[in-house]
Each structure stands twice: as structure tokens, then as C-alpha cells.
Amino acid sequence: MHDQDKEVQERLIQRGNLPRHIAIIMDGNGRWAKQRGKKRIVGHRAGVDSVRDVVRAAGELGIEVLTLYVFSSENWKRPPQQVSALMNLLKETLDKETKDLLENNVRVRAIGKIEQLPRFCQKVLQRTIELTSRNSGLILNLALNYGSRGEIVEAVRRIASEVENGEYRANKIGEKTISAHLFTADLPDPDLLIRTSAEMRLSNFLLWQMAYTEIWVTDILWPDFRREYLYQAIENYQSRERRFGKVKE
Ligand code: IPE
Ligand code: IPE
Ligand code: MG
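Treat the numbers as computed from the prediction; the structure is a model and nothing was measured. (Residues numbered from 1 in each chain as written. Chains lettered and ligands numbered in written order. Predicted model: local features only at pLDDT ≥ 70, side-chain atom pairs only at ≥ 80, totals over all residues. Heavy atoms only, no water.)

A.B. asks: Requested: an account of the site of ligand 2, with residues and values cited.
C.D. replies: With respect to spatial proximity, the complete set of residues near ligand 2 consists of Ile-25, Met-26, Asp-27, Tyr-69, Val-70, Phe-71, Asn-75, Arg-78, Arg-195, Arg-201 and Ser-203. Between ligand 2 and the protein, one listed contact pairs an oxygen atom with a side-chain N or O atom of Arg-201 at 2.7 Å. A distance of 2.6 Å separates an oxygen atom of ligand 2 from a polar atom in the side chain of Ser-203. Considered on its own, ligand 2 offers 390 Å² of accessible surface; in the complex 77% of this is hidden by protein. Here ligand 2 is seated within the largest pocket. If one sorts the elements of the shell around ligand 2 by residue count, strand S2 (residues 65–72) sits on top with 3 residues. (Near = heavy atom within 4 Å. Polar contact = N/O pair within 3.5 Å; in protein donor to acceptor, adjacent residues only side chain to side chain. Areas by Shrake-Rupley, 256 points an atom, 1.4 Å probe, with all protein chains shown as cover. 1 Å grid on protein atoms, 1.4 Å probe; cavity = no way out; pocket = protein on both sides within 12 Å on 5 of 7 lines; lining within 4 Å. Sits in = over half its atoms within 2 Å of the grid points. Helix = DSSP H or I, 4+ residues; strand = E, 2+ residues; numbered from the N terminus.)

A.B. asks: I'd like a description of the site of ligand 1, backed by residues and values.
C.D. replies: Taken together, the neighbourhood of ligand 1 is formed by Met-26, Asp-27, Gly-28, Asn-29, Gly-30, Arg-31, Arg-40, His-44, Val-70, Asn-75, Arg-78 and Leu-86. Contact distances for ligand 1 include 2.9 Å between an oxygen atom and a backbone N or O atom of Gly-30. One of the side-chain N or O atoms of His-44 is found 2.7 Å from an oxygen atom in ligand 1. Taking 380 Å² as the accessible area of ligand 1 by itself, protein coverage stands at 86%. When atoms are counted within 2 Å of each cavity's grid points, the one that captures over half of ligand 1 is the largest pocket. Those elements that provide at least two residues to the shell around ligand 1 are helix H2 (29–35) and helix H3 (40–61). No other element matches H2, which puts 3 residues into the shell around ligand 1. Looking at the shell around ligand 1 residue by residue, the classes come out as 3 nonpolar, 5 polar and 4 charged. (Nonpolar A, V, L, I, M, F, W, Y, C, P; charged D, E, K, R; others polar.)

Here it is, written out as C-alpha cells:
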């Protein structure tokens, strides 16, 4: 790590009020490749370097949870050869990076309809999750075949069937009930959302969980994103006043 990074890192930790949970929409990989006259997958491959650096940096800062939007439930609508290139890249990356994740005390988890991913992805994912499950550092939460509306539908179905079975009374359903039936049940809500490549939308990501999340959008494309931008986003977050509907005393 550069001395300069070390300095910023210490300053951020000193200021306190770090986000517990950071969520990132890693966007702009295709455009990055296009700018270079390359195939889209070249951009996605380059994006893995950004992931590695950001995971390291978040772990070193003592962030509790980092949720990365890797593949949305809508991304299946892309051309099949692009989808399969992404699935292969996912497998290859998990294979290659698991050793490093283990050494860095990172605990990998996943949200999304994992059972609909190709078998070979499920297998390597389960392996990484299992191998890292006893780590105590950063939780790296991968959103894979994830869509927030689908997640909420699933939660509603499960709650409804619990009511049908008499396990639950309808008038006892509250916000906590909904939260507890989402993939993120045991995680705090994101404090900070980062989206790269200047797009100003949520793209079906953690809609329920981000009711009061602070949003930071950068025009940097994901393959160019490095820890310095993560530090910028966090520094900006630390200077904000989160009111949650209240007024300042
Ligand atoms: C986001 O990068 C990653 C995935 C959806 C897999 P994109 O592939 O959407 O890149 P752009 O937005 O087209 O540049
Ligand atoms: C969101 O990016 C999904 C991921 C980053 C995995 P997209 O590129 O799919 O989002 P839209 O289609 O531009 O909203
Ligand atoms: Mg995109």
C-alpha cells in the first residue's frame, strides 16, 4: 500500500462514523472495454482487479459488510454468449481468489436466487462460502442473480404461508417481519451505496434495505475504480448529516 493511502486510511478511521455496510453497483465495465475497442468481457475481467483492491481496502478499514452487485436477475436478458462469459468469469475468479480471501480473513456470502445459477458456479461458490465461513473479518456479500422485487415477492410468499399455517397472525406483520424474510435478514442495512459510471438509478438493488442509505455516484467506470475512490466516497459519507426524517436539534 502507498504511504498516501495509509495516511488517508488512518484519517478515515480516526474520524470515526465509518459506514458499517457499503453496497456497490459495479457498473461501466462494458463501456470501459468499448472505449478501448475491446469485447465487453474484457471490461468485466478488468473489473476483477477493482474488486480485489476494494475488498482489501474495506477489510483494512474494518468495514463490517461489503455487498457487491455482481449479476442482476435482469442481466439474463443479455445475449447468451455474454451471460455465459460472465458465469465463466465468476467461476474462474472464485477459484483464483479464494486463497487470498482466506488469508485476508474475508467471509464470503451470497444473496439472490443462487439455485438458478449454473451448477458449476453454485459448486465453486458453495466451496468459497464454506472455506471462508470461519473467518471473522469483512463479510463480502455477493449479489448473484439478485433482484430486489423478486426478493420481496419471495418474502411475502413465505410470510403468507406462515400465516396460513397459523404460525403468524397477519396483524403482527411489521417492518421487522419483512426484513427478517429477506436474503439480508442478519445484515445491517447499507449505510452507503456507491454506483460507478454515473448512472443515477437503483436497478432493482436492495430497494427495501436502502430506504435511508446515503448515495454516492461517480463517473469513474468500474474497471478504473480503486481504493482511492472508496476513500473519497467514505470521506464524503462521514461529512453528511443523516437525519432519518428528523430535524437537527
Ligand atoms: C455491470 O457492468 C456488470 C454487470 C451487469 C455484469 P456492465 O456490463 O453493465 O457495463 P456497462 O454498463 O454496459 O458499461
Ligand atoms: C446493474 O447494472 C447490475 C450490476 C451491476 C450487476 P446494469 O448495467 O445491469 O443496470 P442497468 O440495466 O443499466 O440499469
Ligand atoms: Mg451497466
